[in-house]
Amino acid sequence: MRKKIDKFDLQIIKLLSKNARLNYRQLAEYLNTTRQRVSRRLERLEREGIIKKYTIIPDFDKLGYIYVILGITLTPGTSLEEQIEVLKNDEDIKVIERAIGAHNLVVHLLVPKDMKEVEKKITEITGRLKNVERVDVTFITEVVKFELV
């Protein structure tokens, strides 16, 4: 049975979303508690799937890549699950999100800075999908703020 998320859990998540490298001791200091309490809470949050991953935000430009977001609209009645399965194993695709609104899918990808490569990758991805009605391409120039909680 899943325990209710409380203020303490949210404080841990917020601290880790700003710096995923904080260790138990540092978290305990920030939260004015013990390492053991932090450890137990983190283990539960991970076990229950509330914390899915610890990650970094790299500077894509310095790595020689462009971060691109595709807003993909499929014709009504198209199986979203099938289209997601088609995209899941592509190493260049970093995030696949279901969406409600202007697009059915939002796909984040990382590609080399070469615009011909970008065009080739977008064409390849959209060519694998069925019933694509529209694709909007957004080039991310800088991640200014990344905070989920």
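Residues numbered from 1 in each chain as written. Predicted model: local features only at pLDDT ≥ 70, side-chain atom pairs only at ≥ 80, totals over all residues. Heavy atoms only, no water.

1. Considering the sheet that holds strand β4 (residues 132–140)
Move 1: Read from one edge to the other, the open sheet built from four strands follows the order β2-β3-β1-β4, with strand pairing classed as antiparallel. If you trace the sheet from one side to the other, it starts and ends with β2 (93–98) and β4, each paired once. For this sheet the average axis-to-axis angle between neighbouring strands, irrespective of direction, equals 20°.
Move 2: Sheet strands in contact with helix α5 (residues 80–87) are β1 (65–74), β2 and β3 (105–112), and its direction is about 175° off that of β2. (Pairing = 2+ DSSP bridges. Helix = DSSP H or I, 4+ residues; strand = E, 2+ residues; numbered from the N terminus. Axes fitted to C-alpha atoms, helices over the stretch in contact; angles between N-to-C directions. Contact = heavy atoms within 4.5 Å.)

2. Details of the packing of aromatic side chains
Move 1: According to the stated counting rule, one finds one aromatic pair in the structure shown.
Move 2: Both rings, one in F60 and one in Y67, keep their centres 4.9 Å apart while their planes meet at 25°; by these two values the pair is stacked. Exposure class is identical for F60 and Y67. Each is buried.
Move 3: The cationic tip of R37 hangs over the ring face of F8; the distance from NZ or CZ to the ring centre is 3.7 Å. (Phe/Tyr/Trp six-rings, centres within 6.5 Å; stacked < 30°, edge-to-face > 60°. Buried < 20%, exposed > 50% of the residue type's maximum accessible area, 1.4 Å probe, protein only. Lys NZ or Arg CZ within 6 Å of the ring centre and 35° of its normal.)

3. A few points about the layout of surface pockets
Move 1: Approximately 1200 Å³ is the volume found for the largest pocket.
Move 2: Lining the largest pocket are 29 residues, with K53, T55, I56, F146 and L148 positioned closest to its centre.
Move 3: Going through the elements one at a time, α1 (7–18), β2 and β3 are the ones with two or more residues in the lining of the largest pocket.
Move 4: At four residues, the largest contribution of residues to the lining of the largest pocket is made by α1.
Move 5: When its residues are assigned to classes, the lining of the largest pocket shows 17 nonpolar, four polar and eight charged.
Move 6: Of the volumes computed, that of the second largest pocket is approximately 250 Å³.
Move 7: Lining the second largest pocket are 14 residues, with D59, F60, D61, T141 and E142 sitting closest to its centre. (1 Å grid on protein atoms, 1.4 Å probe; cavity = no way out; pocket = protein on both sides within 12 Å on 5 of 7 lines; lining within 4 Å. Points joined across faces, edges and corners; volume = space filled by probe spheres on them. Nonpolar A, V, L, I, M, F, W, Y, C, P; charged D, E, K, R; others polar.)

4. Considerations on α5
Move 1: All buried positions along α5 are accounted for by L80, Q83, I84 and L87. All buried residues of α5 fall inside an arc of 100° around its axis, so they share one side.
Move 2: Tucked inside the fold, the buried residues of α5 contact β1, β2, β3 and α6 (115–128). (Arc of directions from axis to C-beta.)

5. Details of the side chain of Q83
Move 1: With respect to the element layout, Q83 can be found in helix α5.
Move 2: A residue is classified by how much of its surface remains accessible, and Q83, at 2% relative accessible area, is buried.
Move 3: The residues contacting Q83, other than those within four sequence positions of it, are L74, T78, L105, L129 and K130.

It is worth stressing that arrangement in space is one thing and function is another; only the former is reported here.
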